[in-house]
Amino acid sequence: MLVDGSPEARCRLIRGIVQAVDRADHGRLSTLMDRFVVEADMSALFALREALLQAAARRSRRAW
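Here the structure is a predicted model, which is why all the values come from computation and not from measurement.

Moving on to the packing of helix α1 (residues 7-22) against helix α3 (residues 42-63). Following both chains from N to C, one finds α1 and α3 inclined at 40°, their axes separated by 10 Å at the closest point. Read as a crossing pair, α1 and α3 show a hand that is right-handed. Of the residues in α3, those touching α1 at Arg 10, Ile 14, Ile 17, Val 18, Val 21 and Asp 22 are Ser 43, Ala 44, Ala 47, Leu 48, Ala 51, Leu 52, Ala 55, Arg 58 and Arg 59. Broken down by class, the residue content of the contact of α1 with α3 amounts to 10 nonpolar, one polar and four charged.

Structure, rendered in structure tokens:
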């Protein structure tokens, strides 16, 4: 998963980060975050934050 700056690549990378967080895969998360920060701009950071918040809300609902 390479970051080529395209919106599609950024979305794939964000999905991968969210999955790594969900699975507590620290090694994969570290690798993906290293790739993410290379080209992340503010909109990418906000998109990542939103995706992580949505994933946390889904996990919370499942816990009930």
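Taken as a whole, this structure holds two salt bridges when the rule is applied. A salt bridge links Arg 10 to Asp 41, with the shortest nitrogen-to-oxygen separation between them at 3.7 Å. Of this pair, Arg 10 sits in helix α1 while Asp 41 sits in the loop between α2 (26-39) and α3, and the two are 31 residues apart along the sequence. Accessibility expressed as a relative area gives 35% for Asp 41, which makes it partly exposed. The partner of Asp 22 in a salt bridge is Arg 59, and the shortest N-O contact between them spans 2.2 Å. Placement of the pair is Asp 22 in helix α1 and Arg 59 in helix α3, with a sequence separation of 37 residues. Judged by relative accessible area, Arg 59 falls into the partly exposed class, the value being 31%.

Definitions and cut-offs
Residues numbered from 1 in each chain as written. Predicted model: local features only at pLDDT ≥ 70, side-chain atom pairs only at ≥ 80, totals over all residues. Heavy atoms only, no water. Axes fitted to C-alpha atoms, helices over the stretch in contact; angles between N-to-C directions. Helix = DSSP H or I, 4+ residues; strand = E, 2+ residues; numbered from the N terminus. Left-handed = near helix turned anticlockwise from the far one by under 90°. Contact = heavy atoms within 4.5 Å. Nonpolar A, V, L, I, M, F, W, Y, C, P; charged D, E, K, R; others polar. Salt bridge = Lys/Arg side-chain N within 4 Å of Asp/Glu carboxyl O. Buried < 20%, exposed > 50% of the residue type's maximum accessible area, 1.4 Å probe, protein only.

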